[in-house]
Amino acid sequence: MNVFKLYGLTTIKNIHRVILVFTFLFTCVSIVMAEAHQAVAFQFTITPEGIDLQLSYQALNQIYLSGVRSWKKRVSRIRNRVIKGVYPASPSSWLFVVIAILATMYMRSDPSMGLIAKIQQHLPLSLHVSLSAQGQTMVSALVFSTLLWLSLILALRFCLKLLLSYHQWMFEQHGRVSNTTKVWVTLLRLLSSRKPLLYSYQTSLPHLPVPAIKDTLSRYLESVRPLLTDPEFKRMTELGNQFESSLGNRLQRYLKLKALWATNYVSDWWEEYIYLRSRSPIMVNSNYYGMDFLYVTPTPVQAARAGNTITALLLYRRKVNREELKPSRVPGTVIPLCAAQCERMFNTTRTPGAETDVLQHWQDSEFVAVYHKGRFFRLWVYRAGRLLSPREIEYQVQRILDDSSPPQPGEEKLGALTAGDRIPWSQMRKQYFSSGVNKRSLDAIERAAFFVTLDDEEQGMRGEDPAGNLDRYAKSLLHGKCYDRWFDKSFSIVIYKNGKNGLNAEHSWADAPTVAHLWEYTLATDAFQLGYTEDGHCKGEVDRSLPYPQRLLWDIPSEVQAEAQSSLTVAQALADDVDCHVFPFSVFGKGRIKKLRISPDAFIQIGLQLAYYRDRGGFCLTYEASMTRLFREGRTETVRSCSNESSAFVKALEDGEAAEQCRRLFRLASERHQNLYRMAMTGAGIDRHLFCLYVVSKYLGVESPFLKEVLSEPWRLSTSQTPVQQMELFDLKNHPDFVSLGGGFGPVADDGYGVSYIIVGEDMINFHVSSKYSCNETDSHRFGSQISKALQDIMTLLTPDTKTSSSTKSTAQPQSKKLL
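Quick notes on the rules
- Residues numbered from 1 in each chain as written.
- Predicted model: local features only at pLDDT ≥ 70, side-chain atom pairs only at ≥ 80, totals over all residues.
- Heavy atoms only, no water.
- Helix = DSSP H or I, 4+ residues; strand = E, 2+ residues; numbered from the N terminus.
- Buried < 20%, exposed > 50% of the residue type's maximum accessible area, 1.4 Å probe, protein only.
- Contact = heavy atoms within 4.5 Å.
- Pairing = 2+ DSSP bridges.
- Salt bridge = Lys/Arg side-chain N within 4 Å of Asp/Glu carboxyl O.
- Phe/Tyr/Trp six-rings, centres within 6.5 Å; stacked < 30°, edge-to-face > 60°.
- Disulfide = S-S within 2.5 Å.
- Core = buried A, V, L, I, M, F, W, Y, C linked by side-chain atoms within 4.5 Å.
- Axes fitted to C-alpha atoms, helices over the stretch in contact; angles between N-to-C directions.
- Parallel < 35°, antiparallel > 145°, perpendicular 65-115°, else oblique.
- Left-handed = near helix turned anticlockwise from the far one by under 90°.
- Nonpolar A, V, L, I, M, F, W, Y, C, P; charged D, E, K, R; others polar.
- Patch = residues over 30% accessible without salt bridge, like charges linked within 9 Å, V, L, I, M, F, W, Y side chains within 5 Å.
- Areas by Shrake-Rupley, 256 points an atom, 1.4 Å probe, with all protein chains shown as cover.
- Expected span 1.5 Å × (residues − 1).
- Arc of directions from axis to C-beta.

## Quick look at the overall build of the chain
Working step 1: Along the backbone of the chain there are 26 helices and 20 strands.
Working step 2: The proportion of buried residues among the 820 residues of the chain is 54%.
Working step 3: Nonlocal contacts in the chain, meaning residues at least 24 apart in sequence, comprise 78% of its contacts between residues at least 6 apart.

## As for the pairing of strand β19 (residues 753-760)
Working step 1: Across the eight residues of β19, eight count as buried, placing the element largely inside the fold.
Working step 2: Alternating residues of β19 divide into Tyr753, Val755, Tyr757 and Ile759 and Gly754, Ser756, Ile758 and Val760, and every residue in both groups is buried.
Working step 3: Relative to β19, strand β17 (residues 717-721) is paired through five bridges, and the arrangement is parallel. From the neighbouring strand, glutamine 721 faces β19, where its bridge partner is tyrosine 757.

## What about the pairing of strand β4 (residues 348-351)?
Working step 1: In β4, alternate side chains face the same way, and those of Thr348 and Arg350 on one face and Thr349 and Thr351 on the other are all buried.
Working step 2: Looking at chain direction, β4 and strand β5 (residues 358-361) are connected through four bridges and run antiparallel. Bridge pairing links threonine 348 to histidine 361 in β5.
Working step 3: Two successive antiparallel strands, β4 and β5, enclose a turn made up of six residues.

## Structural notes on the pattern of salt bridges
Working step 1: Scanning the entire structure with this criterion turns up 41 salt bridges.
Working step 2: Between aspartate 230 and arginine 225 there is a salt bridge, and its shortest N-O distance comes to 2.4 Å.
Working step 3: Residue classification places aspartate 230 among the exposed positions, given a relative accessible area of 53%.
Working step 4: Judged by its relative accessible area of 25%, arginine 225 falls in the partly exposed class.

## Remarks on the packing of aromatic side chains
Working step 1: Tallied over the entire structure, the rule returns 37 aromatic pairs.
Working step 2: Ring centres 5.5 Å apart and planes at 80 degrees place the aromatic pair phenylalanine 346 and phenylalanine 491 in the edge-to-face group. Here phenylalanine 491 lies in strand β11 (residues 491-495) and phenylalanine 346 lies in the loop between α12 (302-322) and β4, a separation of 145 residues in the sequence. In terms of burial, phenylalanine 346 and phenylalanine 491 fall into one category: buried.
Working step 3: Look at tyrosine 613 and phenylalanine 619: their rings are 4.8 Å apart centre to centre, the planes differ by 35 degrees, and that puts the pair in the tilted class.
Working step 4: Overall, the relative accessible area of 18% leaves phenylalanine 619 in the buried class.
Working step 5: One aromatic cluster is present, built from ring pairs that chain together Tyr371, Phe376, Trp425, Phe433, Phe451, Trp486 and Trp554.

## Looking at the state of the cysteines
Working step 1: Scanning all chains against the criterion turns up zero disulfides.
Working step 2: Cysteine cysteine 342 remains unbridged, with the sulfur of cysteine 338 as its closest cysteine sulfur at 8.6 Å.
Working step 3: For cysteine 342, a relative accessible area of 11% translates into the label buried.

## Details of unusual backbone geometry
Working step 1: Here the bond from tyrosine 87 into proline 88 is cis, since omega is 15 degrees, no more than 30 degrees from zero.
Working step 2: Examined against the element boundaries, proline 88 turns out to sit in the loop between α3 (57-85) and α4 (93-106).
Working step 3: Located in the positive-phi region is arginine 108, a residue other than glycine, with phi close to 60 degrees.
Working step 4: Assignment of secondary structure puts arginine 108 in the loop between α4 and α5 (115-121).
Working step 5: On the basis of relative accessible area, arginine 108 is assigned to the exposed category, the value being 81%.
Working step 6: At asparagine 347, a position not held by glycine, the phi torsion is positive, near 55 degrees.

## Considerations on the nonpolar core
Working step 1: Counting residues in each nonpolar core, the largest one holds 106 residues, and the members touching the most others are Phe450 and Phe491.
Working step 2: A total of seven residues in this core trace back to one element, the largest contributor, which is α12.
Working step 3: Setting aside residues up to four positions removed in sequence, phenylalanine 491 forms contacts with Leu313, Met345, Phe346, Phe450, Phe451, Leu503, Asn504, Ala505 and Leu518.
Working step 4: Leu208, Trp270, Leu630 and Val710 belong to the second-largest nonpolar core, a separate cluster that totals 48 residues.

## Observations concerning the packing of α12 against helix α17 (residues 512-530)
Working step 1: At a minimum axis separation of 9 Å, α12 and α17 run at an interaxial angle of 125 degrees. The pairing of α12 with α17 is recorded here as oblique in orientation. Considering how the two elements wind past one another, α12 and α17 form a crossing that is right-handed. Contact residues: Arg305, Asn308, Thr309, Thr311, Ala312, Leu313, Leu315, Tyr316 and Lys319 in α12; His517, Leu518, Trp519, Tyr521, Thr522, Leu523, Thr525, Asp526 and Leu530 in α17.
Working step 2: When its residues are assigned to classes, the contact of α12 with α17 shows nine nonpolar, six polar and three charged.

## Quick notes on a nonpolar patch on the surface
Working step 1: A cluster of nonpolar side chains, namely Trp94, Leu95, Ile99 and Leu142, defines an oily patch on the protein surface of about 350 Å² accessible area.
Working step 2: On the accessibility criterion, leucine 95 (46% relative accessible area) is partly exposed.

## Brief notes about the sheet that holds strand β20 (residues 764-772)
Working step 1: Read from one edge to the other, the open sheet built from six strands follows the order β14-β20-β19-β17-β15-β16, with strand pairing classed as mixed. If you trace the sheet from one side to the other, it starts and ends with β14 (578-585) and β16 (636-640), each paired once. Neighbouring strand axes in the sheet, compared pairwise and without regard to direction, differ in orientation by 20 degrees on average.
Working step 2: Here β19 runs beside β20; their pairing, made up of seven bridges, is antiparallel. Directly across from glycine 754, in β20, lies its bridge partner serine 770.

## Concerning helix α9 (residues 213-224)
Working step 1: Here α9 spans 17 Å end to end across 12 residues, near enough to the 16 Å set by a 1.5 Å rise per residue.
Working step 2: When α9 is considered as a whole, its buried residues turn out to be Ile213, Thr216, Leu217, Tyr220, Leu221, Ser223 and Val224. Viewed along the axis of α9, the buried residues span an arc of 160 degrees, placing them on a single side of the element.
Working step 3: Each element contacted by the buried residues of α9 is listed here: α10 (230-261), β16, α23 (687-700) and α24 (705-711).

## Overview of the sheet that holds strand β10 (residues 451-454)
Working step 1: Strand order in this open sheet of eight strands is β13-β7-β6-β10-β11-β12-β3-β18, and the pairing throughout is mixed. Of all the strands in the sheet, just β13 (550-551) and β18 (743-745) have a single pairing partner and so form its edges.
Working step 2: Summarising the sheet, β10 and β11 pair through four bridges and their orientation is parallel. If you follow valine 452 over to β11, its bridge partner there is isoleucine 493.

## Considerations on the environment of lysine 651
Working step 1: Along the chain, lysine 651 turns up in helix α21 (residues 644-654).
Working step 2: With relative accessibility at 42%, the residue lysine 651 sits in the partly exposed group.
Working step 3: Residues lysine 651 and cysteine 662 lie 11 residues apart in sequence; the distance between their C-alpha atoms is 9.3 Å.
Working step 4: Setting aside its immediate chain neighbours within four residues, lysine 651 contacts Tyr613 and Phe619.

As structure tokens, then:
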């Protein structure tokens, strides 16, 4: 009692009062810190009469239902592991093997050739004591059947891996399929006849092979021949020969050693050194964007578009978690592609570090992070284990839009830290966001399923300047205001005031085709499955008792605010320098190109070479992204599109040589490009091999003048095709206006161009061109005009009897029935 006397508390009654005060304060703090979507499950009060315990059955019910949902997901994951673990067999095939073995034994035949008897001899003593001789025989037969079943699974999987390692089919001429390939296709169809899960093929995919150094160097020298003068080429050849005869073979041995134990000898180093170790801003330099439909906006109601978009994304996540998505395949074939990139699609954030960033992925998340007018919110999208309906999510988003509370000090431009240099952001995060209220709020953003920006601008092809508005739309998605996106998230969704949407994706965790697959599903599900009411709202009912979205709280000191402003200055300078130009090319599309028996991609790439030659008066090192997902954990390889054949065609056309000669050279260039693309896809590329050799040299601490020069060469023309992977989702015959715009990225070189294109339907190709205003030699609009003219000139050359309009005006003014 002496301690209490110090405070004048000498009676038990006063002690009770103190306890009650502290209990009240504890309860208030608990309520403030509780999640907004949950009621307090229980609370207690200490009184002179004892403990008063109060239970909230509504909260307990939500906890119970959330637990049921969690256990269902665990059971589903275990079931999927079993199914994909025995693929291409099925779990039920075990029973078939057991019955077959027992049936043969019943017929007094020993299919095990004595193995069942040996197994029976080695059974535990307890089984010998407790089981009869017949029971021991049954147990031994079950053990033998299981081992036989597992052996058959391994054999089938080995056969499937051998079949998937065959790539000669890709190099055969169209319509001239060899007998070997016909047999291969038949066997592959037989082994793939069962419906696979998303990851069923992963363990059967072959490993990426390490090319021979001699082959890589030969291909490299051939790729740079049109870019170098004779003395330069001679010097480069000597450097290559010197590298091959000395350091190259030593580096190659280390690389082959890595390929023996690593799943993929490129991907982990590519992710770390190309993406995560970069200390410059990821905004513009690394992140890329995807656009909405070109002609239509399904609803002008911002909250409604957000409701359907968020729902569609979460439905896709559910399919990924349950592995219900069909594995991606090479178009028109049964050949599967690696699905490893899907694993980190949701609930993933890139966190900054002093030397390297880290990708953090959480198993699941029941909320999304939302930004609107300088405020951050946590929006719960599940309640009691149930996904909210689109109408309920719209209702919650509208609450955020109607919230008039001002941003907290420093909150509005906090996102600029993710847009600037990585080291300052790393320092701020470590010092000011590692504990307390800032850590809790940052965790809410980083652990969210994805990030959503409710933009207060209007975007899309609209008004009196549709072409110019598309350019502004692209810049908005690429960088926004530099502080109203969270560029570290795996992807961020942007919903504009007029209902238009789009996304910005972080690049380190996956490549564009994976994000494009997600975005195709989202757009199609939003427009054709979920739909809207006549007044533009989401369908369904609303539970108006939903708790308000939770406002995230911050305590941002002046040092963080100053650093955020500094990062914003860096990011704003980078954003202001980007010149974006988006234009739909609708003079012709892949329909007319394929009638000429030419690859549409080869046609476009050669057109880009012609356009660049006219724009800059020469050729440059050209990057075209090709996938290597035929191999496990494969990502990309470079197709060096500027070849001897393509440059010969361009020069012949520009020098006014005979049309027949130009057509012959074009055919050669087209065939060469297709062959380069096939080689890149099948692991015989150039750049990833040289990159890994360079990484090994750095680990060994040795310098290679050859590798140093190769990896310092600028890619002044960086290109990428966005493939349409799910044509079955879009009925362009009945809904011709629902055309995808695709997406784009920033320029790779300061004095170069970034070109992305998407081939839509039979009659349209959408282009995204980027460059930098600070370079006097580049102009995105000028280069866009050159692309349009080059494509039309090539088509006129190949079809001299068909008139192709030379006007580029039609490419910027698509035939739209209705713009919403």
